[in-house]
Amino acid sequence: MNPTLDPNPLAPYLPLAIALLLAGVLSLIIVQLAAMLGPKRPSSIKSAPFEAGSESSGPARQRFAVKFYVVALLFIVFDVEAVFLYPWAVNFQALGWFGYMEMVVFAATLVVGLIYIWKKGALEWEH
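Conventions adopted
Residues numbered from 1 in each chain as written. Predicted model: local features only at pLDDT ≥ 70, side-chain atom pairs only at ≥ 80, totals over all residues. Heavy atoms only, no water. UniProt positions renumbered as here; feature names shortened; annotations may be inferred. Helix = DSSP H or I, 4+ residues; strand = E, 2+ residues; numbered from the N terminus. Rg over C-alpha atoms; globule rule 2.2 N^0.38 Å. Buried < 20%, exposed > 50% of the residue type's maximum accessible area, 1.4 Å probe, protein only. Phe/Tyr/Trp six-rings, centres within 6.5 Å; stacked < 30°, edge-to-face > 60°. Expected span 1.5 Å × (residues − 1). Bend = angle between axes of the 7 residues up to and from the residue. Contact = heavy atoms within 4.5 Å. Axes fitted to C-alpha atoms, helices over the stretch in contact; angles between N-to-C directions. Parallel < 35°, antiparallel > 145°, perpendicular 65-115°, else oblique. Left-handed = near helix turned anticlockwise from the far one by under 90°. Nonpolar A, V, L, I, M, F, W, Y, C, P; charged D, E, K, R; others polar.

- In the nomenclature of an unreviewed UniProt entry, the protein is known as NADH-quinone oxidoreductase subunit A of Archangium lansingense.
- The UniProt entry for the protein carries the following text under Subunit (unreviewed entry): "NDH-1 is composed of 14 different subunits. Subunits NuoA, H, J, K, L, M, N constitute the membrane sector of the complex."
- In its Sequence similarities (unreviewed entry) section, the UniProt record describing the protein reads: "Belongs to the complex I subunit 3 family."

### Things to note about the overall build of the protein
Then, in step 1: Scanning the protein from terminus to terminus reveals four helices and two strands.
Then, in step 2: Seen in sequence order, the protein has helices and strands lined up from the N terminus as α-α-β-β-α-α.
Then, in step 3: Since a compact globule built from 127 residues should have a radius of gyration of about 14 Å, the 28 Å found for the protein marks it as more spread out than a globular shape.
Then, in step 4: Counting only C-alpha atoms, the protein reaches 65 × 60 × 20 Å along its principal axes.
Then, in step 5: Buried positions account for 6% of the 127 residues belonging to the protein.

### A look at the packing of aromatic side chains
Then, in step 1: The final tally for this structure, using the stated rule, is four aromatic pairs.
Then, in step 2: Aromatic pair Phe 92 and Tyr 100: ring centres 6.4 Å apart, planes at 75 degrees, arrangement edge-to-face.
Then, in step 3: The class of Tyr 100 is partly exposed, set by a relative accessible area of 35%.
Then, in step 4: Centroid distance Trp 97 to Tyr 100: 5.6 Å. Interplanar angle 90 degrees. Geometry classified as edge-to-face. Placement of the pair is Trp 97 and Tyr 100 together in helix α4 (residues 92-120), with a separation of three residues, close to one helical turn.
Then, in step 5: For Trp 97, a relative accessible area of 69% corresponds to the exposed category.

### A few points about α4
Then, in step 1: For α4, spanning 29 residues, the distance from its first C-alpha to its last is only 35 Å, which falls clearly below the expected 42 Å at 1.5 Å a residue.
Then, in step 2: The largest bend along α4 measures about 75 degrees and falls at Phe 98.
Then, in step 3: Taken residue by residue, α4 has Gly 99, Met 103 and Ile 117 as its buried positions.
Then, in step 4: Taken together, the buried residues of α4 touch α3 (66-90).
Then, in step 5: Phi for Gly 121, located one or two positions after α4, is positive at around 85 degrees.

### Some points on the packing of α3 against α4
Then, in step 1: Two numbers describe how α3 lies on α4: the axes approach to 10 Å, and their chain directions differ by 165 degrees. Taken together, the axis directions place α3 and α4 in an arrangement best described as roughly antiparallel. By crossing handedness, the relation of α3 to α4 is classed as left-handed. Mapping the contact onto sequence places Leu 74, Phe 78, Glu 81, Phe 84, Leu 85, Trp 88, Ala 89 and Val 90 in α3 and Phe 92, Leu 95, Gly 99, Tyr 100, Met 103, Phe 106, Leu 110, Gly 113, Leu 114 and Ile 117 in α4.
Then, in step 2: By residue class, the composition of the contact of α3 with α4 is 15 nonpolar, two polar and one charged.

### Concerning the UniProt feature "transmembrane region" (unreviewed entry) in the protein
Then, in step 1: Following the UniProt record, the feature "transmembrane region" (unreviewed entry) maps to residues 12-37, 68-89 and 95-118 here.
Then, in step 2: For residues 68-89, the end-to-end C-alpha separation is 32 Å, with 100% helix and 0% strand making up the annotated structure.
Then, in step 3: Between the end C-alpha atoms of residues 95-118 the distance is 33 Å, and the span holds 100% helix and 0% strand.

What follows is the structure, given as structure tokens:
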């Protein structure tokens, strides 16, 4: 059959739509059955908020020190450049010495950045 003459171009997606609809309906049914048939023994201990097994302390909208955000940003930065190592390693032979020297410059830049933030005390938690 010529695809340009097909009256319904969405026909190949019908099985996918049926599978998604079935998954959605089944998940709703399972949640409803668990809510209706599951055990209901509420207590004050079960209703109390906790984190990692310890009682909460302080307000929920407490301000965090900038150090938390700095460490998170540094993690993202050093994690993202780890992603660049994989394609370089896969194409290492094809890149030759030029690719090797590019990676040496890239890694040196990272090491200089790490030394800089280390000397600035961005990785210290005591202060």
